[in-house]
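A look at the structure
Below are the chains, spelled out letter by letter.
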Amino acid sequence: MSSLSSLNSLLASGLTGSSASTTSTVDLSSLLQAATGASSEGIDVTSAVTAALYADRAPERQWQAQQSTVSSQLSALTTLQSALSAVSQDLRNLNDMTGSLASRTVSSSAAQVSGTATSGTTVGTHSVSVASLATAASWYSGSVPSSSSALGTSTLTINANGGAEATFTTGSGIQSISDLANAINSASLGINASVVTDATGSRLALVSSATGSASDFTVSYDASGSSSWSSASVATASAQLQACSFQIGDGGSSTTISVNAGETLSNLANDINSQATGVSASVATDSSGVHLQITSTDGSTVSLSNDPTFSVTRASAATNASLTVDGIPVNSASNTVIGVVPGLTLNLTGTTVGSNPATLTVNADTNQISQVVSTFVSDYNAALSQVNSQFAFDTSSGSQGALSGDSIVRSLQSMLEGIVSYTAPAGSGTGSTIQSLPNLGITVNDDGSLILNAATLDSAITDPGAVQNFFQGTALNGFAQQFSTELNKFADPATGAIAQEMNNLNQQYSGLQSQISDYESGYIASQQTVLTAMYSKAEIALQQLPAEMQQIQSQLGNNSSNN
């Protein structure tokens, strides 16, 4: 009914039975309220349309309720899948032949010998006596004033045990011991060269990068083939030399020159001039320091077996370690001895001569075994609790869990409760000590959860092979594999029943969302357009009503005056 029709009807009914002479005015507010249901002009079009569409959206609310149910089921399945994944990982750890169950520790009765063992190393004790350690070869030179002091015109030769030879000529490109150390390191000889600086000056140090007799090497520093020769520099002319001897030659004959400790270069030059023929020795001073200069007097070559100011000295020879293991003599190029006892690595830091042999004991790593078993029990209980919670009645909500009607979850519950009664089959290699979980101290509570007796487990671990055989069997066919096979039927992230059910639920959710979207874009959008147009037209009519009523009022007033 239009607003004017409503007003006309209202006016007609309001004036019926009333005399024109007794009604001088009409209450327009009452007429407006009667016509629109409000005491003011106009209506809220948006609210009116929303109210009208609420009833039309009844199917949507049903679909949304179904979506809410699906979401609850998906959430519960996701939580359950996560709990089962933890159990799956535990079973993989228990089924790992080189994992925690096979982990070993090594203890030693002597600080000079320690050891490590790979997974699965046979448990037992070993006696180790160390007569000597493997050593590296090392040499050092005489001191020069600093790492940058000039070296003489000589050749440093390094000979390795294998016959390889390397030479480095100083005084031409290699001017200092710093240069010489860099050149040796760049040659990749298996020798580490460095410069040692202390209160006496700087020295070249050479150390083999490996131990063992095969790493030994020799060093010489001499000069030949030229008509003159210069020694390495010393700090001052009064610097004292160390005791040594060397051969000096002029190409035809050679003379042995002995240097007494405390002599100076001047003393040495005098000794050479008084003993050697065909050469002349003098002391020269330049910007790099003081050095001995030897020159041929007859044009022949000058040769020296070593430089008295830069002689090289052996500090130690490279040798093999000498030891006995369980009475078997062993020579090792390294103090890390591998291969004598399968899976056992010996680390030598000292000798045991004069003391009792070291006793090394290989044991199962009881801490790791206890931890991996305890973690399995804890994760199993968490997963079973997630399953059982779906069937528990919640008095506050008056209902069970979101998956209470799910047959897959019910089957999962049965599997979990049944698998823990596993007994190792005959001939499985587990022996007679560990055939079932109770033998490990794992028993079942009334609610199906597991409880671990630590004392019983510790006792079982004294036979680590039996523990490993129970879980892994003779060919990865023990408890862990049997449980994994059953669990994967439900928990496999790609093919398991839970993953498939979650995929189906996600499809249901998407289908419901498509229905809602289609309903909104189709029917609801059309209805909203129609209702908005209708209520907007009514609003326009109501906005025009006051003017029409004023006109009516005017007409009614005129009629009353005429009466």
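Look a little higher up for the structure.
A few points on the structure. Counting from 1, residues in each chain are numbered in the order their sequence is written. Predicted model: local features are reported for residues with pLDDT of at least 70 only, side-chain atom pairs are reported and counted for 80 or more only, and whole-chain, interface and lining totals are derived from all residues. The side-chain values count all of the structure's non-hydrogen atoms but skip hydrogen atoms and water molecules.

Comments concerning the sheet that holds strand β7 (residues 191-198)
A sheet is described by the order of its strands in space; here four strands give the open sequence β7-β8-β4-β16, paired in antiparallel fashion. Each edge of the open sheet is held by one strand with a lone partner, namely β7 and β16 (312-316). Across the sheet, the axes of successive neighbouring strands diverge by a mean angle of 25 degrees, strand direction being ignored. Strand direction decides the pairing type here: β7 and strand β8 (residues 201-208), joined by eight bridges, are antiparallel. By the bridge assignment, Ile191 is partnered in β8 with Ser208. Contacts from helix α5 (residues 177-186) reach β7 and β8 within the one sheet, and its direction differs from that of β7 by about 160 degrees. Only strands that DSSP links by at least two bridges are regarded as paired with each other. Helix and strand definitions here come from DSSP, where helices need a minimum of 4 consecutive H or I residues and strands a minimum of 2 consecutive E residues; each element is numbered from the N-terminal end. Axis lines are fitted to C-alpha atoms, over the contacting stretch for helices. Their N-to-C directions set the angle, which ranges from 0 to 180 degrees. Any two residues whose heavy atoms approach within 4.5 Å at even a single point are treated as in contact.

Overview of the nonpolar core
Residues Phe376, Leu412, Leu440 and Phe483 are the most contacted members of the largest nonpolar core, which totals 52 residues. Elements with a contribution of two residues or more to this core: α4 (58-94), α7 (366-389), α8 (407-419), α9 (454-461), α10 (464-472), α11 (479-491) and α12 (497-562). Ranked by the residues each element gives to this core, the list is headed by α4, at ten residues. Excluding its chain neighbours within four sequence positions, the residues that come into contact with Leu412 are Leu80, Leu84, Val387, Leu487, Phe490 and Ile498. In this description, a nonpolar core means a group of buried Ala, Val, Leu, Ile, Met, Phe, Trp, Tyr and Cys residues linked to one another through side-chain atoms lying within 4.5 Å. Residue exposure (1.4 Å probe, protein chains only): buried if accessible area is under 20% of the type maximum, exposed if over 50%, otherwise partly exposed. Formed by 24 residues, the second largest nonpolar core is a distinct cluster that contains Ile174, Ile191, Tyr221 and Ala318.

Re α10
Of all nine residues in α10, seven are buried; the element is thus mostly enclosed. Residues of α10 that are buried: Pro464, Ala466, Val467, Gln468, Phe470, Phe471 and Gln472. On its buried face, α10 is in contact with α4, β1 (104-108), β21 (358-364), α7, α9 and α11. Once α10 ends, the next one or two residues include Gly473, with phi positive near 70 degrees.

So, the packing of aromatic side chains
Within 6.5 Å between ring centres, the rings of Phe, Tyr and Trp (the latter by its six-membered ring) count as paired, and their orientation is classed by plane angle as stacked under 30 degrees, edge-to-face over 60, tilted in between. Applying the stated criterion to the full structure yields 13 aromatic pairs. Between the aromatic rings of Phe470 and Phe471, the centroid separation amounts to 5.2 Å while the plane-to-plane angle is 75 degrees, which identifies the pairing as edge-to-face. By relative accessible area, Phe471 is classed as buried at 0%. Taken together, a centroid distance of 5.8 Å and an interplanar angle of 65 degrees make the contact between Phe479 and Phe483 edge-to-face. Within this pair, Phe479 and its partner Phe483 are both found in helix α11, separated by four residues, close to a single helical turn. With respect to burial, Phe479 and Phe483 carry one shared label: buried. Directly above the ring of Tyr54 sits Arg61, whose terminal nitrogen or CZ lies 3.7 Å from the centroid. In this scheme, Lys NZ or Arg CZ marks a charge over a ring once it lies within 6 Å of the ring centre and within 35 degrees of the ring normal. The positively charged end of Arg410 is found above the aromatic ring belonging to Phe391, 3.6 Å away from the centroid.

Description of the pattern of salt bridges
If charged atoms from side chains of opposite charge come close, those side chains can pair. Only one rule defines a salt bridge in this text: a Lys or Arg side-chain nitrogen within 4 Å of an Asp or Glu carboxyl oxygen. For the coordinates displayed, the defined rule picks out five salt bridges. Where Glu60 meets Arg57, a salt bridge forms, and the shortest distance between an N and an O atom there is 3.9 Å. When its relative accessible area of 4% is taken as the criterion, Glu60 is described as buried. Linking Glu486 and Lys489 is a salt bridge whose minimum nitrogen-to-oxygen distance equals 3.3 Å. Remark: Lys489 and Glu486 occur in helix α11; sequence separation between them is three residues, near one turn of the helix. Overlapping salt bridges, with partners in common, bring together Arg57, Glu60 and Glu520 in one network.

So, the side chain of Ser449
Looking at where Ser449 falls in the secondary structure, it is placed in the loop between β22 (442-444) and β23 (450-452). Residue Ser449 is classed as buried on the basis of its relative accessible area, which comes to 14%. Side-chain polar atoms of Ser449 contact the side chain of Asp447, separated by 2.6 Å. Aside from chain neighbours lying at most four places away, what touches Ser449 is Asn381, Leu384, Thr443 and Val444. As used in this structure description, the phrase polar contact means that two N or O atoms lie within 3.5 Å; if the pair is within protein, one of them must be able to donate a hydrogen and the other to accept it, and residues adjacent in sequence are counted only when both atoms belong to side chains.

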